[in-house]
Amino acid sequence: MNATDRIRFELDGRDIDAAPGESILQAARRAGTDIPHLCYTDGLRADGNCRACVVEIDGERVLAPSCCRAPQPGMKVKAASERARASQRMVLELLRADVPAAAEKSDSELAHWCEALGVVEPRFTPRTNPTPDRSHPGIAVDFAACIQCTRCLRACREEQVNDVIGLARRGADTAIVFDFGDPMGDSSCVGCGECVQACPTGALLPATLLDVAVAPASAAYRPTRQVDSLCPYCG
Ligand code: FES
């Protein structure tokens, strides 16, 4: 990065540089400060839908999502102020409340950020537990753990140019769907696994890792048709 290209701004009292095109979140991470984030992941277009990454910007009344906000020279940003942290915690608590305890994955990014910010027991009522989709031979879908961050949609569309996953319905009923609401195993999914890699909550996971207690083996459905796979490990 040329010195002349740098965008110098302040993050939590420290001067850092951003490269042209970088967001506040990206520049902060490069400088060693990780801001909570869930719907953002490296390599995918920032969507700004979860609001876990909100920061205070001097002179602005409303908190800004740092994943899709470009820093300006001289901007003063607070990611760890009392107000920013309170908002980040509230977002994490609400998202965690969406995930019933039985569907929580302790090694997920959601669990990591909840632990990092001290979000323990959500005070809000969880959703009812939707039935998991076990129709795909390689990938299970635990809808109860989904926070609709759309990372799987973007991974499917932007990484694989497949566009199998979409969002259906509205409000609290919003859910990811495959093609036209087909079981994943009947959809045009090629089993590449990009969505599993992208998921920050474990809603999409290798089929063998879904707790069998949430879907009895007798309910398992195995499609007989075969699809071409782009998976580098399957050939
Ligand atoms: Fe920024 Fe979700 S990570 S809004």
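Residues numbered from 1 in each chain as written. Predicted model: local features only at pLDDT ≥ 70, side-chain atom pairs only at ≥ 80, totals over all residues. Heavy atoms only, no water.

Student: So what exactly am I meant to see when it comes to the confidence of the model for the protein chain here?
Tutor: Low-pLDDT portions of the prediction should not be read for the details of their coordinates. Confidence in the prediction for the protein chain averages 88 pLDDT; 88% of positions are at 70 or higher. A low-confidence stretch, residues 212-228 (pLDDT under 50), is modelled with 19 contacts involving residues beyond four sequence positions or located in other chains. (pLDDT = per-residue confidence, 0-100. Contact = heavy atoms within 4.5 Å.)

Student: What is the right way to look at helix H2 (residues 82-97) in this model?
Tutor: With 16 residues, H2 should cover 22 Å at 1.5 Å per step; its first-to-last C-alpha distance of 22 Å lies within 8% of that length. Looking only at H2, the buried set comprises Ala-84, Gln-88, Val-91, Leu-92, Glu-93, Leu-95, Arg-96 and Ala-97. Contacts from the buried residues of H2 go to strand S3 (54-57), strand S5 (76-78) and helix H3 (109-116). (Helix = DSSP H or I, 4+ residues; strand = E, 2+ residues; numbered from the N terminus. Expected span 1.5 Å × (residues − 1). Buried < 20%, exposed > 50% of the residue type's maximum accessible area, 1.4 Å probe, protein only.)

Student: In this structure, what is going on with the sheet that holds S3? I would like to understand it.
Tutor: Each strand in a sheet pairs with its neighbour through backbone hydrogen bonds, running either in the same direction (parallel) or in the opposite one (antiparallel). The strand order across the open sheet formed by five strands is S2-S1-S5-S3-S4, and the pairing between neighbours is mixed. The open sheet has two edge strands, strand S2 (14-18) and strand S4 (64-65), and neither has a second partner. Lying on the sheet, H2 is in contact with S3 and S5; it crosses S3 at an angle near 160 degrees. (Pairing = 2+ DSSP bridges. Axes fitted to C-alpha atoms, helices over the stretch in contact; angles between N-to-C directions.)

Student: Even after reading the chapter, I still don't get H3, so can you show me in this structure?
Tutor: Note on helix geometry: an α-helix contains 3.6 residues per turn, so any two residues three or four positions apart are oriented the same way. The complete set of buried residues in H3 reads Leu-110, Ala-111, Trp-113 and Cys-114. Considered in projection along H3, the buried side chains sweep an arc of 165 degrees and stay on one side of the axis. Next to the buried residues of H3 lie H2. Count one or two residues on from H3 and you reach Gly-118, which has phi positive near 75 degrees. (Arc of directions from axis to C-beta.)

Student: Could you clarify how one ought to interpret the pattern of salt bridges in this entry?
Tutor: A side chain of one charge can pair with a side chain of the opposite charge if their charged atoms are brought near each other. Enumeration according to the criterion identifies 15 salt bridges in this entry. With its nearest N and O atoms 2.9 Å apart, the salt bridge here joins Arg-157 to Asp-163. According to the relative accessible area criterion, Arg-157 is partly exposed, its value standing at 39%. Using a relative accessible area of 44% as the deciding quantity, one classes Asp-163 as partly exposed. Where salt bridges share partners, they join Arg-6, Arg-8 and Asp-17 into one cluster. (Salt bridge = Lys/Arg side-chain N within 4 Å of Asp/Glu carboxyl O.)

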